[in-house]
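Working through the structure, step by step
Single-letter residue listing:
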Amino acid sequence: MDESVIDRAVYAELQDTTGAEFVAELVDTFIEEGPGMLAELRAARAEGNAERFRRAVHSLKSNGRAFGAVKLAALAREFELKGLDADPTRDVAGLAALEAEYARAAAELKALRNG
Amino acid sequence: MAEDTSRVLIADDNKVNRLLLSRSVELLGHGVSLAENGRITLERLRTEPFDLLLLDIEMPELDGFAVLEQLKADPRLREVPVIVTSSVEGVDNIVRCINLGAEDYLRKPVNQVLLKARIGASLEKKRLRDQQKALVRRFVTSEVAEDLLQSGFALGGKRLCASVLISDIRGFTALVESQGPEETIDLLNNYHMLMFDAIGSHGGMVNQIIGDGLVALFGAPLSLDDYAGSAVAAGLEMLDLIEQFNHERSAVNKSAIRIGIGVATGDVVAGYIGTQQRATYTCIGDTVNLAARLEAHTKVAGCGFLIDDATQRALGGSVPIQSLGEVPFKGKAAAVEIFSVMAGQLHRQT
């Protein structure tokens, strides 16, 4: 497992404070909701809707931080601060990196969840 | 413990965040309800009582800033404590939340120890505020409390038109001497409860209690359409309730009590008098003096309920009255025509 994807200390603290069983359910929810959040991000980008884009990326950042998905949170935060690029093609690489990091975080969380 | 029954509303558009906060708050022993956007948050706050709101900022439909703005503008909701839980970027956004009335700001993911401390502090502050309000309401009427909450406190009065009702128990001194102090206090409490009920149900507010005497205002501090009619209706209900009260007293071999009521209508000056440290809402002027004279005169006239000319004119014949002619009152240059309200016929009239 790649420890740089999920900060183990954050994940362990989450389990300590809210219970391992609850965290397992929370991971399931994140994995269920994640694709929707990414789709929302793509749709907002396609529509050029900055408000919608910021909200979607903000949610990803916030969830990333909750689970200790440090890279995912950092990439999302970058997008949140930068906002939509005037040239849509320039966001493509960034979005792809974000989606790839989400996939890694989800896989890592799934592995941690199953113990 | 107040904490056991505290109800916390969590507003967040993200499901993971909602579940996580909800779990954290439940682990602290509080009840939780959830809202997924600003509009639903306001709807829930307007229909159910909550002790605390945990509010996210980035939300669809209505964001956290808009929710804070609406809470601030709503007198019924502005006292609900709000802790903003967000990972919104920029100190200026946090400052904006505080300026809009949020009590505190917690960065997400929320640290459980901090959450416990902040929720505890907010609920304790709210509990103390509620306690203070309850205390204020015990010593001033809810109308005055509302007036204070809306307009703030300032010494000084304003002139307005109102009806003043003054009543007291006939032969109260003799009654006090014939029974123990506990029994007297008990009697007074029962009596006041009945009188407050009659006055309040007609839109009046009891302004002063002096032993067995009551001064009630109709039309101040909050305006009332038919203040004279309401004051007379309250007086009639007071007499009716006393009759029922006496019925119960006679069943346990206690003597009947009798009251005298005077109602006068006209200009009064109402407002807060006293000092900045200790003040009372009161009402002064000729109308108050006249109501007191009318009440005192019920003993002389041998009837229970006297009103002045301004009050009887405002009634427009809706209540049977009888003119008792003009009476010279102390402090009045000219004699005043007074009217007796025919309390015996009230059942057919009301």
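Sequence order sets the numbering: in each chain, residues are counted from 1 along the sequence as written. Written order determines the labels here, with chains lettered from A and ligands numbered from 1. Given that this is a predicted model, residues contribute local features only at a pLDDT of at least 70 and side-chain atom pairs are listed and counted only at 80 or more, while totals for whole chains, interfaces and linings are drawn from all residues.

1. Some thoughts on the overall build of chain A
- Secondary structure is summarised from DSSP: a helix means a run of H or I of at least four residues, a strand means a run of E of at least two, and numbering begins at the N terminus for each. Check the secondary structure of chain A and you find 5 helices and 0 strands.
- Within chain A, the proportion of its 115 residues that are buried is 38%.
- Two residues form a contact once the distance between their C-beta atoms, set from the backbone, is within 7 Å. For chain A, contacts bridging at least 24 residues in sequence account for 62% of all contacts bridging at least 6. Counting other C-beta atoms within 10 Å of a residue's C-beta gives its exposure: the residue is buried at 20 or more, exposed at 12 or fewer, and partly exposed in between, where C-beta atoms are placed from the backbone.

2. Topic: the overall build of chain B
- Within chain B, the secondary structure is distributed over 12 helices and 13 strands.
- Residues counted as buried form 36% of the 350 residues belonging to chain B.
- Sequence-distant contacts in chain B: of pairs separated by 6 or more residues, those separated by 24 or more amount to 66%.

3. What about the interface of chain B and chain A?
- With 16 residues of chain B in contact, the opposing surface of chain A contributes 17 residues.
- The greatest single-element share of the side of chain B that touches chain A, amounting to 8 residues, is contributed by helix α1 (residues 15-27) of chain B.
- For this scheme, ten residues count as nonpolar: Ala, Val, Leu, Ile, Met, Phe, Trp, Tyr, Cys and Pro. Four count as charged, namely Asp, Glu, Lys and Arg, and the remainder, Gly too, count as polar. Its residues assigned to classes, the side of chain B that touches chain A comprises 6 nonpolar, 5 polar and 5 charged.

4. Comments concerning unusual backbone geometry
Residues and elements named next belong to chain B.
- Between lysine 108 and proline 109 the backbone carries a cis peptide bond, its omega angle lying at 0°.
- Within the secondary structure layout, proline 109 lies in the loop between β5 (104-107) and α5 (112-139).
- You will see that glutamate 61, though not glycine, has its phi angle at about 70°, which is positive.
- Locating glutamate 61 in the fold gives a position in the loop between β3 (52-55) and α3 (64-73).
- Note on glutamate 61: 12 C-beta atoms within 10 Å, which makes it exposed.
- Positioned with a positive phi, asparagine 253 is a non-glycine residue whose angle comes to about 60°.
- Examined against the element boundaries, asparagine 253 turns out to sit in the loop between α9 (227-251) and β9 (259-274).

5. A look at the packing of helix α2 (residues 20-47) of chain A against helix α5 (residues 89-113) of chain A
All names here are of chain A.
- One can describe the packing of α2 onto α5 by two numbers: an axis separation of 10 Å at closest approach and a directional angle of 170°. For the element pair α2 / α5, the angle class is roughly antiparallel. Here Ala24, Val27, Phe30, Ile31, Gly34, Leu38, Leu41, Arg42 and Arg45 of α2 come into contact with α5, specifically with Asp91, Leu95, Glu99, Tyr102, Ala106, Leu109, Lys110 and Arg113.
- When its residues are assigned to classes, the contact of α2 with α5 shows 10 nonpolar, 1 polar and 6 charged. Fitting a line to C-alpha atoms yields each axis, with helices limited to the stretch in contact; the angle taken between N-to-C directions then spans 0 to 180 degrees. Our angle categories are set so that under 35 degrees counts as roughly parallel, over 145 as roughly antiparallel, 65 to 115 as roughly perpendicular, and the remainder as oblique.

6. Things to note about the pairing of strand β7 (residues 205-210) of chain B
Residues and elements named next belong to chain B.
- Strand pairing is assigned whenever DSSP detects at least two bridges linking the two strands. Pairing geometry for β7 and strand β8 (residues 213-218), over 5 bridges, is antiparallel. Across the sheet, residue isoleucine 209 finds its bridge partner in β8, namely leucine 214.
- Between the antiparallel neighbours β7 and β8 lie 2 residues, among them glycine 211 with a positive phi of about 60°.

7. As for the sheet that holds β5(B)
Residue and element names in this part refer to chain B.
- Spatial ordering of the open sheet is given by β2-β1-β3-β4-β5, a layout of 5 strands whose pairing is parallel. One side of each edge strand has no neighbouring strand; the edge strands of this open sheet are β2 (31-35) and β5. Within the sheet, the average angular offset between the axes of one strand and its neighbour, ignoring direction, is 20°.
- Sheet topology note: the strand β4 (residues 82-86)/β5 ladder contains 4 bridges and is parallel. Bridge pairing links threonine 85 to leucine 106 in β5.
- With respect to the sheet, helix α2 (residues 38-47) is in contact with β1 (7-11), β2 and β3, its orientation differing from that of β1 by roughly 160°.
- Strand contacts of α3: β3 and β4, with the helix running at about 175° to β4, the strand carrying the most contacts.

8. Considering α3(B)
Residue and element names in this part refer to chain B.
- Taken residue by residue, α3 has Gly64, Phe65, Val67, Leu68 and Leu71 as its buried positions. Axial view of α3: buried residues confined to an arc of 160°, hence all on one face.
- Contacts from the buried residues of α3 go to α2, β3, β4 and α4 (91-99). Working note: the arc is built from the helix axis to C-beta atom directions.

9. Section: the packing of α2(B) against α3(B)
Residues and elements named next belong to chain B.
- α3 packs onto α2 with a crossing angle of 30° between their chain directions and a minimal axis gap of 9 Å. In terms of orientation, α2 and α3 fall into the roughly parallel class. Note on packing geometry: the crossing formed by α2 with α3 is right-handed. Of the residues in α3, those touching α2 at Gly38, Thr41 and Leu42 are Gly64, Ala66, Val67 and Gln70.
- Of the residues assigned to the contact of α2 with α3, the class counts are 3 nonpolar, 4 polar and no charged. In this scheme, a crossing is called left-handed if the near helix is turned counterclockwise away from the far one by less than a right angle; it is called right-handed if the turn is clockwise.

10. A word on the confidence of the model for chain B
- Confidence scores per residue from the predictor, reported as pLDDT, run from 0 to 100. For chain B, per-residue confidence averages 87 on the pLDDT scale, and 90% of positions sit at 70 or higher.
- For residues 345-350 of chain B, every residue scores under 50 in pLDDT, and the model assigns this stretch 7 contacts once sequence neighbours within four places are set aside.

11. Some remarks on the pairing of β4(B)
All names here are of chain B.
- With 5 of 5 residues buried, β4 is to be regarded as a mostly interior element.
- Of the two faces of β4, both are covered, the one formed by Val82, Val84 and Ser86 as well as the one formed by Ile83 and Thr85.
- Sheet topology places β3 next to β4; 3 bridges connect them, and they run parallel. When the bridges of β4 are listed, leucine 54 appears paired with isoleucine 83.

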